[in-house]
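# Architecture and fold: a report
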Amino acid sequence: MKFTHRVAGTVAVTALAALAAPASAFAEESAGGVDILIPKMAEFIPALIAFLIILVVMAKLVWPKVLAMMDERERRIADSLEEADRTKQKALEARKASDDMLTDARRQAADIVLAARQDAEAERQRIIAAAHTEAEGIIAKAKRTAEDERHALYANAAASIADLSVSVASKIVERSLDEDGEQRRLIENYIKEAGSLNAN
């Protein structure tokens, strides 16, 4: 609207200047001779009237459409800029969200790896403890077995030595000793005492 008023003002000033210019030109013509560049008043007035009519018609009919198209274009450009800003803002928000998700995924992956390492270490410690317990059980069982075998060997050795002693004694004194007698019991007791002293 302001632009239309400005155009109308420009048209009025142009028309006044056009009307003033031929008057001064015709004044010079009468004073100094004919100038072929200056139109005759009879041709100039109809041309000026036609120009003003065309200018007024264009200002009333064409110019508003041109202004409306320019306003529409300006509005579309502004809308496009606003849409671009909104799209950029959405893209920034989406990028921030994806960065947050990536950071969270990395943190969760690190937590999972740490938990897996801790579980593996706990399992390793459990296996080592179970192996130690099992080894200690095997060692204890082996010790008990060895002790039982040692006692059995001492018992067998004591019986063999008792028999041998009785046999030797019988030959020495050339008489038979009663195997179930007092002498056998004395020898077995002596061997047991000697075996217990050796064991300690």
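Residues numbered from 1 in each chain as written. Predicted model: local features only at pLDDT ≥ 70, side-chain atom pairs only at ≥ 80, totals over all residues. Heavy atoms only, no water.

## A closer look at the overall build of the chain
Under the convention used in this document: Going along the chain from the N terminus, every DSSP run of H or I of four or more residues is numbered as a helix, and every run of E of two or more is numbered as a strand. Residue exposure (1.4 Å probe, protein chains only): buried if accessible area is under 20% of the type maximum, exposed if over 50%, otherwise partly exposed. Throughout, a contact is declared for two residues whenever any of their heavy atoms are within 4.5 Å. Surface accessibility in these figures is a Shrake-Rupley result with a 1.4 Å probe; residues are shielded only by whichever protein chains are displayed.
In terms of helices and strands, the chain carries three helices and zero strands. Within the chain, the fraction of its 200 residues that count as buried is 10%. Of the contacts made within the chain by residues no fewer than 6 positions apart, 56% connect residues no fewer than 24 positions apart. Accessible surface computed for the chain: about 16500 Å², of which carbon and sulfur atoms make up 64%.

## Here's the deal with the confidence of the model for the chain
To keep things clear, this is the line we draw: Residue-level confidence of the predictor is summarised by pLDDT, bounded by 0 at the bottom and 100 at the top.
Of the residues in the chain, 70% have a pLDDT of 70 or more, and the chain-wide mean is 77. Here helix H1 (residues 2-32) stands out as the least confident element of the chain, with mean pLDDT 52; helix H2 (residues 41-173) is the most confident, with 87.

## So, a nonpolar patch on the surface
Threshold: A patch consists of residues exposed above 30% relative accessible area that lack any salt bridge, with like charges linked at up to 9 Å and nonpolar side chains (Val, Leu, Ile, Met, Phe, Trp, Tyr) linked at up to 5 Å. When a carboxyl oxygen of Asp or Glu is within 4 Å of a side-chain nitrogen of Lys or Arg, the pair counts as a salt bridge.
Taken together, the side chains of Met41, Ile45, Ile49, Ile53, Ile54, Val57, Met58, Leu61 and Val62 present a nonpolar region at the surface, about 770 Å² in accessible area. Among the structural elements, Ile49 can be located in helix H2. The class of Ile49 is partly exposed, set by a relative accessible area of 45%.

## With respect to the pattern of salt bridges
Summed over the entire model, instances satisfying the criterion amount to nine salt bridges. Here Asp104 ties to Arg107 by a salt bridge, and the two come within 2.5 Å at their closest N and O atoms. Highlighted residues: Asp104 and Arg107, both in helix H2, separated by three residues, approximately one helical turn. Using a relative accessible area of 44% as the deciding quantity, one classes Arg107 as partly exposed. Through salt bridges with shared partners, a single ionic network connects Glu72, Arg75 and Asp79.

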